[in-house]
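Remarks on the overall topology
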Amino acid sequence: MASPPGATRTIIHVDLDAFYCAVEEKRDPSLRGTAFAVGGRADERGVVASCSYAARRSGVRSAMAMGMAQRLCPHLIVVPTRHSHYRAVSGGVMALLRSITPQLEQLSIDEAFLDVTELVGDGNEVTGRSLALEIQRRVWDELELSCSLGVASNKMVAKIATDCGKATVSTGQSPRALCVVEAGTEADFLAPLPVSALWGVGPKLEAKLKELRIETIGDLAHWDERDLAHRFGKHGVDLAKHARGIDRREVVTERETKSISSETTFLQDVSEWETLHATLLEQAQSVSFQLKKQKLQASTVKLKIRWSDFSFSTRQTTLLSSTDAAPAIEAAATTLLSKLWIGGEPVRLLGVGVSGLSLVRQLGLFDSVDEPEAVPEEIEEPEEIELDSYMDERRQRLQETLSLLEARFGSAMVHLGAHPKHESH
């Protein structure tokens, strides 16, 4: 049972230290203490998925190109990823955490929040700190894995506490850190930290805040909330609250699928439309398959590109009606690609994703598949994304309608009329 609204909660954030590497060290103890990275090979455009603390001393970091990692650390050992094994080990960790409390929200394969409010306080000798130490001990004793923890009255501060705890440990060691922020001290704890430590503050927003001479979370907490709302909208209101250590989000014990995507990292940068579009077609088919497998439809299509300099660009558009059909997803993604990729620019990674998911609605033969038109959205850069003309809109609506009909009655039963050029007179 979740803690009641308004109650002071005790949230523990658990983060497994260098998880992939820790699992590989269990498999091969000779790796312990060595500089190694888990990921793809450099000659296959591999990326570092995780790296040992010994490798980090040489500047190796997660998400770095493996070629760069090997230049920084010439004696780096590269270990291929074994995702199915990592998922299995992660399942064991989550099972252990659920044995402590069912109020668990898994963030990723190696992170989780626990709401332990009902296990601490009210005359109980158990505290957030003692419970966190017990979790740390059990994960080590029972699973031989190191973890770091943050304890606070809310999720945001608990996560930042974990990061701060890890930062105090010397590079080259598995941190096994613990940082506790007592209720009522959240703002004081956050005040000296850089604004980039807050959720939702990326490089672009950080630069805008620095233009206002807002560099620390304390600076942000003292800024006029109405001005932040004026400058940044709802996000500005959230920033003001977060800077004061306020976060009312509950631990979510069950999470629905919110998006489905397919990505491809090319062995060599691609600068040809034909190759990019062929890849996009395969990705649309893959996303469509996953939607149908889960009996879902999507209302938004997103395109993601990583350029040769490792920077990202993303764009998305809202469909005229929800769909699980590959042709509709491909048509929307192609439109986005034609706007985002000017031509000749080398692409390292291409991805197609969908969101705005809902369960498939059964259509009657005479049901309308049209829904009110939605304004396409933009991400990251203030470039409006829209279908170019009325005819483009009609083509998209027609393609989505045909795809829905094909899904229900079969492709053999649905045919387009002759193109005007081929009409007989």
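Here's what I pulled together on the structure shown here.

1. As for the overall build of the chain
The helix and strand tally for the chain stands at 14 helices and 13 strands. Taken over 425 residues, the chain has a buried fraction of 43%. Sequence separation of at least 24 residues holds for 69% of the intrachain contacts in the chain that already meet a minimum separation of 6. Surface exposure of the chain reaches about 22500 Å², of which carbon and sulfur atoms provide 52%.

2. Description of the nonpolar core
The biggest cluster of nonpolar side chains holds 35 residues, and the ones touching the most others in it are I12, V14, F19, L97, I135 and L145. Considering each element in turn, this core owes the most residues, 7 residues, to helix α4 (residues 83-100). With residues up to four places along the chain from it excluded, the contact list for L97 reads V14, L104, A112, L114 and I135.

3. Digging into the environment of V38
Within the fold, V38 resides in strand β2 (residues 36-39). With 44 residues separating them along the chain, V38 and R82 place their C-alpha atoms 9.0 Å apart.

4. Quick notes on the packing of helix α10 (residues 225-232) against helix α11 (residues 234-243)
Viewed as axis vectors pointing N to C, α10 and α11 meet at an angle of 145°, and their least axial separation amounts to 6 Å. For α10 against α11, the interelement crossing comes out right-handed. Where α10 abuts α11, its residues E225, L228, A229 and F232 lie against K234, H235, G236, V237, A240 and K241. Taken together, the residues of the contact of α10 with α11 sort by class into 5 nonpolar, 2 polar and 3 charged.

5. Things to note about the environment of K304
Turning to its location among the elements, K304 is positioned in strand β10 (residues 296-307). Along the sequence, K304 and L340 sit 36 residues apart, while their C-alpha atoms lie 9.4 Å from each other. Apart from the residues lying within four places of it in its own chain, the contact partners of K304 are E263, F312, S313, T314, L349, L350 and G351. At 2.9 Å, the side chain of K304 and the side chain of E263 are in polar contact.

6. Remarks on the sheet that holds strand β3 (residues 48-51)
Spatial strand order, β3-β2-β4: 3 strands in an open sheet with mixed pairing. Of all the strands in the sheet, the pair left with one neighbour each is β3 and β4 (77-79). Going across the sheet, the axis of each strand differs from the next one's by a mean of 30°, ignoring polarity. The sheet contact formed by β2 and β4 spans 3 bridges and is parallel.

7. Quick look at the state of the cysteines
Using the criterion set out here, one finds 0 disulfides in the structure. Left unpaired, C164 is separated from the closest cysteine sulfur, that of C179, by 6.0 Å.

8. Some details on the layout of surface pockets
Within this model, the second largest pocket holds a volume of roughly 320 Å³. For the lining of the second largest pocket, the secondary-structure elements that each account for two or more residues are α1 (19-27) and α2 (53-56). The greatest single-element share of the lining of the second largest pocket, amounting to 4 residues, is contributed by α1. In the lining of the second largest pocket, the residues fall into 7 nonpolar, 7 polar and 7 charged.

9. Some remarks on the packing of helix α12 (residues 273-293) against helix α13 (residues 326-340)
Packing of α12 against α13 leaves a shortest axis separation of 9 Å and a crossing angle of 140°. The orientation of α12 relative to α13 falls into the category oblique. α13 is crossed by α12, and the crossing has right-handed handedness. For the pair formed by α12 and α13, the contact residues are W273, L276, H277, L280, L281, A284, Q285, V287, S288 and L291 on the first element and A326, I329, E330, A333, T334, L337 and S338 on the second. Considering only residue class, the contact of α12 with α13 consists of 11 nonpolar, 5 polar and 1 charged.

10. As for the sheet that holds strand β1 (residues 11-16)
The mixed open sheet is built from 5 strands, whose spatial order is β5-β6-β1-β7-β8. A strand with exactly one partner marks an edge of an open sheet, and here the two such strands are β5 (104-108) and β8 (178-180). Neighbour-to-neighbour, the strand axes of the sheet open up by a mean angle of 15°, direction not taken into account. Relative to strand β7 (residues 147-152), β1 runs antiparallel, the two sharing 6 bridges. Bridged to L16 within β7 is C147. On top of the sheet, helix α5 (residues 128-143) reaches β1, β6 (111-115), β7 and β8; it is set at about 165° to β7, its chief contact.

11. Re α10
Its side-chain oxygen 3.2 Å from the backbone nitrogen of R226, D224 forms the N-cap of α10. Positive backbone phi, approximately 65°, marks G233, located one or two places after α10.

12. Here we look at the packing of aromatic side chains
In total, this model carries 5 aromatic pairs according to the counting rule given. When the centroid spacing of 6.0 Å and the interplanar angle of 55° are considered together, the rings of F19 and Y20 count as tilted. The exposure class assigned to F19 is buried, which follows from its relative accessible area of 2%.

13. Considerations on the environment of W273
For W273, the position within the fold is in helix α12. When sequence neighbours within four positions are dropped, the list of residues in contact with W273 reads T334, L337, S338 and W341.

14. Some points on the pattern of salt bridges
Inspection of the entire model under this criterion finds 19 salt bridges. Its salt-bridge partner being R137, residue E134 comes within 2.6 Å of it at the nearest N-O pair. Taken together, the residues E134 and R137, both in helix α5 and 3 residues apart, mark about one turn of the helix. Taken together, the shared-partner salt bridges in this structure form one network comprising D15, D17 and K166.

Conventions used here
Residues numbered from 1 in each chain as written. Predicted model: local features only at pLDDT ≥ 70, side-chain atom pairs only at ≥ 80, totals over all residues. Heavy atoms only, no water. Helix = DSSP H or I, 4+ residues; strand = E, 2+ residues; numbered from the N terminus. Buried < 20%, exposed > 50% of the residue type's maximum accessible area, 1.4 Å probe, protein only. Contact = heavy atoms within 4.5 Å. Areas by Shrake-Rupley, 256 points an atom, 1.4 Å probe, with all protein chains shown as cover. Core = buried A, V, L, I, M, F, W, Y, C linked by side-chain atoms within 4.5 Å. Axes fitted to C-alpha atoms, helices over the stretch in contact; angles between N-to-C directions. Left-handed = near helix turned anticlockwise from the far one by under 90°. Nonpolar A, V, L, I, M, F, W, Y, C, P; charged D, E, K, R; others polar. Polar contact = N/O pair within 3.5 Å; in protein donor to acceptor, adjacent residues only side chain to side chain. Pairing = 2+ DSSP bridges. Disulfide = S-S within 2.5 Å. 1 Å grid on protein atoms, 1.4 Å probe; cavity = no way out; pocket = protein on both sides within 12 Å on 5 of 7 lines; lining within 4 Å. Points joined across faces, edges and corners; volume = space filled by probe spheres on them. Parallel < 35°, antiparallel > 145°, perpendicular 65-115°, else oblique. Phe/Tyr/Trp six-rings, centres within 6.5 Å; stacked < 30°, edge-to-face > 60°. Salt bridge = Lys/Arg side-chain N within 4 Å of Asp/Glu carboxyl O.

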